[in-house]
Number of protein chains: 2
Amino acid sequence: MNTKELLKSKNIKPTIQRIKIYEYLKTHKTHPDAETIYADLIKELPTLSLSTVYNTLKEFANNGLILEVFAEHKTYFDGYNQPHNHYICDICGKVYDINIEFNFLKKKKISGHLIKKFCGIFRGICSECQKKREQK
Amino acid sequence: MNTKELLKSKNIKPTIQRIKIYEYLKTHKTHPDAETIYADLIKELPTLSLSTVYNTLKEFANNGLILEVFAEHKTYFDGYNQPHNHYICDICGKVYDINIEFNFLKKKKISGHLIKKFCGIFRGICSECQKKREQK
DNA sequence: GTCTTTGCAAATGATTTGCACGTCG
DNA sequence: CGACGTGCAAATCATTTGCAAAGAC
């Protein structure tokens, strides 16, 4: 299914902005923030506005098309929408995907509370930044 | 060890503001935000300012005295500083402590990245709000 | 007296909203 | 033409910062 059909199937009108934003996330595995997506896409869509990017991303997230990664005071977006976790480096700020088997996510409830979503964020120094430190 | 001695041991001067904020978090299991702590403590400390609350909480978190719970656009503070996870209700917004055994947290690294912290947040409808819905 | 902390107000940064305009069926 | 989407600017909200005054040792 192409992007246009996919959006239609979610009752989202496939405008050029929405298609480009969606495809941007699918082809960039870098977990960009709204600002970055905007800065890149404006090259193709010169009249694009930042609020359209924000609104579109929120719409996609509400429809389960993408994941939001809430970090300290910033939100990153992930086109890979299967449940998984993230690692954010305290030095370079890069966001990595982490796939671990979480048995508790197979449960529907935890302590009586209904589980709809789980967002796990690791923090520390990533392997790249560790290497850089060793070289010094 | 009382609060005064504890703060001293972390090289934090035990001022009345700091002592009261720390003790507030230790006695309130409700995961308040900075605003709530401020609103409650100003009754005892009429000259307290919101920025002092923010600065103090940040200082405590950096020293491992408390935990920060980063939710969508808001930060909650938790006086219980042992690693654990949280559940936030989408309906009432209440924050619950979740204690699960995370085997991977015993590891020092994940995919080569050094683990310093892990913050896991569940989302959904809490048991209280489920009951309220059933009653309707 | 010097060094630290506080409290206020102003600044910041991410995100959202209001609204007029444009678009497309 | 009528509904929906876009883009701009202004608004908002949580949090941080600059700085003068107050307090501690």
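About the thresholds
Along each chain, residues carry numbers from 1 onward, in the same order as the chain's sequence is written. Numbering of ligands from 1 and lettering of chains from A proceed in the order in which they are written. For this predicted model, a pLDDT threshold of at least 70 governs which residues receive local features, and a threshold of 80 or more governs which side-chain atom pairs are given and counted, while totals over whole chains, interfaces and linings are taken from all residues. Hydrogen atoms and water are omitted, and side-chain values are computed over all heavy atoms in the structure. Two residues qualify as a contact provided that any one of their heavy atoms is within 4.5 Å of a heavy atom in the partner residue. Summed over both partners, buried area is the accessible surface (1.4 Å probe) that two parts give up on being assembled. Salt bridge, as used here: a side-chain nitrogen of Lys or Arg that lies within 4 Å of a carboxyl oxygen of Asp or Glu. We call a set of buried residues a nonpolar core when its members are Ala, Val, Leu, Ile, Met, Phe, Trp, Tyr or Cys and they connect through side-chain atoms within 4.5 Å of each other. A simple rule labels every residue: compare its accessible area, found with a 1.4 Å probe on the protein chains alone, to the largest value its type can have, and call it buried under 20%, exposed over 50%, or partly exposed in between. The numbering of helices and of strands both runs from the N terminus, where a helix is a DSSP run of H or I of at least 4 residues and a strand a run of E of at least 2. Think of it this way: DSSP has to see at least two bridges between two strands before they count as a pair. Each axis is a line fitted through C-alpha atoms, and for a helix only the stretch in contact is used; angles between axes span 0 to 180 degrees, taken between their N-to-C directions. What marks off one domain from the next here is an automatic or database domain assignment. Pairs of N or O atoms are called polar contacts if they sit within 3.5 Å, as long as, within protein, a hydrogen donor faces a hydrogen acceptor (for residues adjacent in sequence, only side-chain-to-side-chain pairs).

Draft legend 1. How the structure looks around the interface of chain A and chain B. Facing 33 residues of chain A, the contacting portion of chain B comprises 33 residues. Regarding the contact of chain A and chain B, the summed buried area is about 2700 Å², with carbon and sulfur atoms giving 64% of it. On the chain A side of the contact with chain B, Phe70, His113 and Phe122 of chain A bury the most area, a combined 20% of that side's loss. For the pair chain A and chain B, the interface holds 2 salt bridges.

Draft legend 2. Highlighting the nonpolar core. Core analysis: the biggest nonpolar cluster contains 24 residues, and Tyr87 and Phe122 of chain A together with Tyr87 and Phe122 of chain B have the highest contact counts within it. Of all elements in the fold, only β3 (85–89), β4 (95–98) and β7 (117–124) of chain A together with β3 (85–89), β4 (95–98) and β7 (117–124) of chain B reach the threshold of two or more residues within this core.

Draft legend 3. Region of the structure containing the sheet that holds β4 of chain B. A sheet is described by the order of its strands in space; here 6 strands give the open sequence β4(A)-β3(A)-β7(A)-β7(B)-β3(B)-β4(B), paired in mixed fashion. Each end of this open sheet is capped by a strand with a single partner; those strands are β4 of chain A together with β4 of chain B. Each strand axis lies, on average, 25° off the axis of its neighbour in the sheet, ignoring direction. With 4 bridges joining them, β3 of chain B and β4 of chain B adopt antiparallel strand pairing. Within the sheet, the bridge partner assigned to His86 of chain B lies in β4 of chain B and is Asp97 of chain B.

Draft legend 4. Broad picture of the domain arrangement of chain A. Residue and element names in this part refer to chain A. Segmentation of chain A into domains returns domain 1 (3–78) and domain 2 (85–135). Spacing between the C-alpha centres of domain 1 and domain 2 amounts to 22 Å. Facing the 7 residues of domain 1 at the interface are 7 residues of domain 2. A buried area of about 660 Å², summed over both sides, lies between domain 1 and domain 2, and 59% of it is on carbon and sulfur atoms. When the buried surface of domain 1 facing domain 2 is broken down by residue, His31, Val69 and Tyr76 rank first, second and third, together holding 52% of it. Seen at the junction of domain 1 and domain 2, the total is 0 salt bridges. Viewed at the interface, domain 2 and domain 1 are joined by 3 residue pairs in polar contact (both at pLDDT 80 or more). Of all the secondary structure elements, the ones that give two or more residues to the side of domain 1 that touches domain 2 are β1 (67–71) and β2 (74–78). The biggest single contributor to the side of domain 1 that touches domain 2 is β1, with 3 residues.

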